[in-house]
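Secondary and tertiary structure notes
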Amino acid sequence: MKQKFYHILISIVTTFVVAMFFSCDSNFEDIRKIDTTERFPGGIAENFTLIYTDSALIKATLTSPLNEDYSNQKFPFQEFPDGLQVDFFDKEKNKSTVTADYGIIYQATEMSDLRGHVVLLTHDGKKLETSQLYWDQKNQWVFTAEKFTFTNPEDGTIMNGEGIEFSQDFENGRGQVRAYKVDGVKDIDVEEDQEPLPSGEGSEIKE
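Computed from a predicted structure; not experimentally measured. (Residues numbered from 1 in each chain as written. Predicted model: local features only at pLDDT ≥ 70, side-chain atom pairs only at ≥ 80, totals over all residues. Heavy atoms only, no water.)

**What to know about unusual backbone geometry**
- Despite not being glycine, Asn 47 shows a phi value in the positive range, around 50°.
- Mapped onto the fold, Asn 47 is located in strand S1 (residues 43-54).
- Phi at Lys 181 takes a positive value of approximately 50°, unusual for a residue other than glycine.
- Along the chain, Lys 181 turns up in the loop between strand S11 (176-179) and strand S12 (183-186).
- Classification of Lys 181 as partly exposed rests on a relative accessible area of 47%. (Helix = DSSP H or I, 4+ residues; strand = E, 2+ residues; numbered from the N terminus. Buried < 20%, exposed > 50% of the residue type's maximum accessible area, 1.4 Å probe, protein only.)

Listed below in structure tokens is the structure:
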């Protein structure tokens, strides 16, 4: 009788373990499906173009060879793994351009993160080069905390620094750009009574 009870107990335990195994395996598959859904984009678009407007006026256009839409995430974003180009337009419809090797736009915050070889070229020939640049679409503000090189062909200056910020139309109401930890060289002759290039934290570059 004891032996028969022992076999019954073993059968119950075995059945319970097998049931748990298949249940865990099923749960694992469900989790893996969820994980797969979250890791893959909800949509992919080639030759992508996005237009930003304000009061029926075009403020910026974004183009990219590849857009991956991750709207299926808890914190939705759009990714541009093959790079992108953003064209900004000021009130006079002058165009300035930013190119980057990689970009990501967070839809909830309207913040863009541009990385790689980031180059900003203004309509009047000024050039900013850096490894990362943020674009705050909501406040129309552009900034970076990374090292940068700013070239101004109008007065022959090349300026290096770490951290720079300015408005989307490259004016902040005073026609100035705020740069930090700045040093630079001047390619043209400097007169003795001419002030040297700004240096130190919080320098301002005149537009």
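There's more to say after this.
**Quick look at the nonpolar core**
- In this structure, Leu 62 and Leu 128 are the most contacted members of the largest nonpolar core, which totals 26 residues.
- Contact partners of Leu 128, with chain neighbours within four places excluded, come to Val 118, Val 119, Leu 120, Leu 133, Phe 148, Thr 149, Phe 150, Ile 164 and Phe 166. (Core = buried A, V, L, I, M, F, W, Y, C linked by side-chain atoms within 4.5 Å. Contact = heavy atoms within 4.5 Å.)

**Topic: the environment of His 117**
- Positionally, His 117 belongs in strand S7 (residues 111-121).
- For the pair His 117 and Thr 99, spaced 18 residues apart in sequence, the C-alpha separation works out to 7.9 Å.
- In contact with His 117, other than residues within four places in its own chain, are Thr 99, Ala 100, Asp 101, Glu 129 and Thr 130.

**Re the side chain of Thr 61**
- Mapped onto the elements of the fold, Thr 61 is located in strand S2 (residues 57-70).
- For Thr 61, the residues in contact, after removing those within four places along its chain, are Leu 50, Ile 51, Gln 85, Val 86, Asp 87 and Phe 89.

**Quick notes on the confidence of the model for the chain**
- Here the chain averages 76 in pLDDT, and 66% of its residues register 70 or above.
- Note on residues 12-25: pLDDT is under 50 here. Beyond four places in sequence and across chains, it has zero contacts.
- Predicted confidence for residues 187-200 stays below pLDDT 50, and this span has 19 contacts to residues more than four positions away or in other chains. (pLDDT = per-residue confidence, 0-100.)

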